[in-house]
Amino acid sequence: MKISKIDFERYSKQIILKEFGIIGQKKTMSSKVLIFGIGGLGCPLSIYLANLGIGNIGIVDDDKVELSNLNRQIIFSQKDIGKYKVDVAKQKIKEINKRIKVNSYKIRVNVKNIEKIIKNFDIICDGTDNFETRYIINDFCLKQKKILISAAVSGFEGHIFKFDFKERTPCYRCFMPQIPKQSLNCSVDGVTPTITGVMGTLQANEVMNSILKVKTNLNKKMLIFDSLEMNFRKINLSINKKCKNKC
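Bear in mind that the values here come from a model prediction, so they are computed numbers and not experimental data. (Residues numbered from 1 in each chain as written. Predicted model: local features only at pLDDT ≥ 70, side-chain atom pairs only at ≥ 80, totals over all residues. Heavy atoms only, no water.)

## Digging into the nonpolar core
Counting residues in each nonpolar core, the largest one holds 42 residues, and the members touching the most others are I35, I38, L49, I57, I59 and V207. Residue assignment for this core shows that the elements contributing at least two residues are β1 (32-36), α4 (42-52), β2 (56-60), α5 (85-96), β4 (123-126), β5 (147-154), α10 (193-212) and β7 (221-226). It is α10 that provides the largest number of residues to this core, a total of seven residues. Apart from residues lying up to four places away in sequence, I57 is in contact with V33, I35, S46, L49, A50, I93, I100, K101, V102, N103 and F121. (Core = buried A, V, L, I, M, F, W, Y, C linked by side-chain atoms within 4.5 Å. Buried < 20%, exposed > 50% of the residue type's maximum accessible area, 1.4 Å probe, protein only. Helix = DSSP H or I, 4+ residues; strand = E, 2+ residues; numbered from the N terminus. Contact = heavy atoms within 4.5 Å.)

## Here's the deal with helix α3 (residues 21-30)
The complete set of buried residues in α3 reads G21, G24, Q25, T28 and M29. Projected down its long axis, α3 shows its buried positions confined to an angular sector of 135 degrees, all on one face. Taken together, the buried residues of α3 touch α1 (5-10), α2 (12-15), α4 and α10. (Arc of directions from axis to C-beta.)

## A closer look at helix α7 (residues 131-143)
Compared with the 18 Å implied by 1.5 Å per residue over 13 residues, the 18 Å span of α7 between its first and last C-alpha is a close match. Burial runs high along α7: eleven of the 13 residues are buried. Turning to α7, its buried residues number three or more, namely F131, T133, R134, Y135, I136, I137, N138, D139, F140, C141 and L142. Along its buried surface, α7 packs onto β1, α6 (114-118), β4, β5 and α8 (172-175). N-capping of α7 is provided by N130, with a side-chain oxygen placed 3.4 Å from the backbone N of E132. (Expected span 1.5 Å × (residues − 1). Polar contact = N/O pair within 3.5 Å; in protein donor to acceptor, adjacent residues only side chain to side chain.)

## Things to note about the side chain of N113
Locating N113 in the fold gives a position in the loop between β3 (101-105) and α6. Within the structure, N113 has its side chain in polar contact with the backbone nitrogen of N110 (distance 2.9 Å). Residues in contact with N113, not counting those within four places in the same chain, are I107 and R108.

## Some details on unusual backbone geometry
Phi angles above zero are rare outside glycine, and M230 is one such case at about 55 degrees. Within the element layout of this structure, M230 appears in the loop between β7 and β8 (231-236). Owing to a relative accessible area of 62%, M230 belongs among the exposed residues under this scheme. If you check the backbone angles, K246 has positive phi at about 55 degrees while not being a glycine.

## Describing the environment of G24
Checked against the element boundaries, G24 lands in helix α3. Along the primary structure G24 and D61 are separated by 37 residues, whereas in three dimensions their C-alpha atoms are 30 Å apart.

## Digging into the pattern of salt bridges
For the structure shown, the criterion picks out nine salt bridges. For D139, the salt bridge identified is with R173, shortest N-O distance 2.8 Å. Note that D139 is positioned in helix α7 and R173 in helix α8, a separation of 34 residues in sequence. R173 gets classed as buried once you look at its relative accessible area, which sits at 11%. Each of the salt bridges in this network shares a partner with another, and the network as a whole consists of K79, D80 and K83. (Salt bridge = Lys/Arg side-chain N within 4 Å of Asp/Glu carboxyl O.)

## Focus on the pairing of β3
Examined bridge by bridge, β2 and β3 share five bridges and lie parallel to one another. By the bridge assignment, G58 is partnered in β3 with N103. (Pairing = 2+ DSSP bridges.)

## Here's the deal with the pairing of β5
Walk down a regular strand and you will see the side chains alternate between the two sheet faces. Of all eight residues making up β5, seven are buried, and the element is well covered by its neighbours. Inspection of the sheet shows β4 paired to β5 by four bridges, in the parallel sense. Bridging from a neighbouring strand, I123 pairs with I147 of β5. Handedness of the β-α-β unit built from β4, α7 and β5 comes out right-handed. (Right-handed = clockwise from strand over helix to strand, strands pointing away.)

## Comments concerning the side chain of D7
Residue placement: D7 occurs in helix α1. Take D7: its relative accessible area is 2%, and that puts it in the buried class. Of note is the side chain of D7, whose polar atom sits 2.5 Å from the side chain of R99. Residue contacts for D7: discarding those within four places in its chain leaves M29 and R99.

Below, the structure written as structure tokens:
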């Protein structure tokens, strides 16, 4: 892939980094990244992926914008209420860089449609807000040997995983074999806009690291951020011998 003069100027501040360079920018512009959920996580994630110069971005969400979304889903404004999130997000990404190819899927993911969606993408980002969908994304990313970068938020806390299923690694089911009796999500527990911004940005950062093949010590670990204590901590993850996926 050839980098145009305009692209070189646009991405010059990251190209000068020795870890990035021209080769890294070419890899970034050739990458295909899929985002499940254009909510509090997916909004900052998609903006930063577009600004990095990801060449092909997929967005999946069947929801419409609501007033209660506006405090944390930073792509949307009051004039977008009632519009489909993927339509607004696609327009926003194109405004950042019209050369980015955006594939939008106005559907709710299930076991019948997910395989067809993810097969053409290299890195999958999960920003969904329910366990059933998270399990589906996990299982099919494992099946297709994808890189899965998953984040979640609740209250003042967020966490992020990275599973590189090209290697032998624990999966989401190893960590959480069954859906908790009390499902954690922002509708029940509440959430601050800043924590969604932090975790969505961390997802984008880990996408960049995956493309550049930077070792961030996140494999087989969960990174947890407490925004009240301003504290990051890591928890080691291990393969569960009883895992349904037989990792």
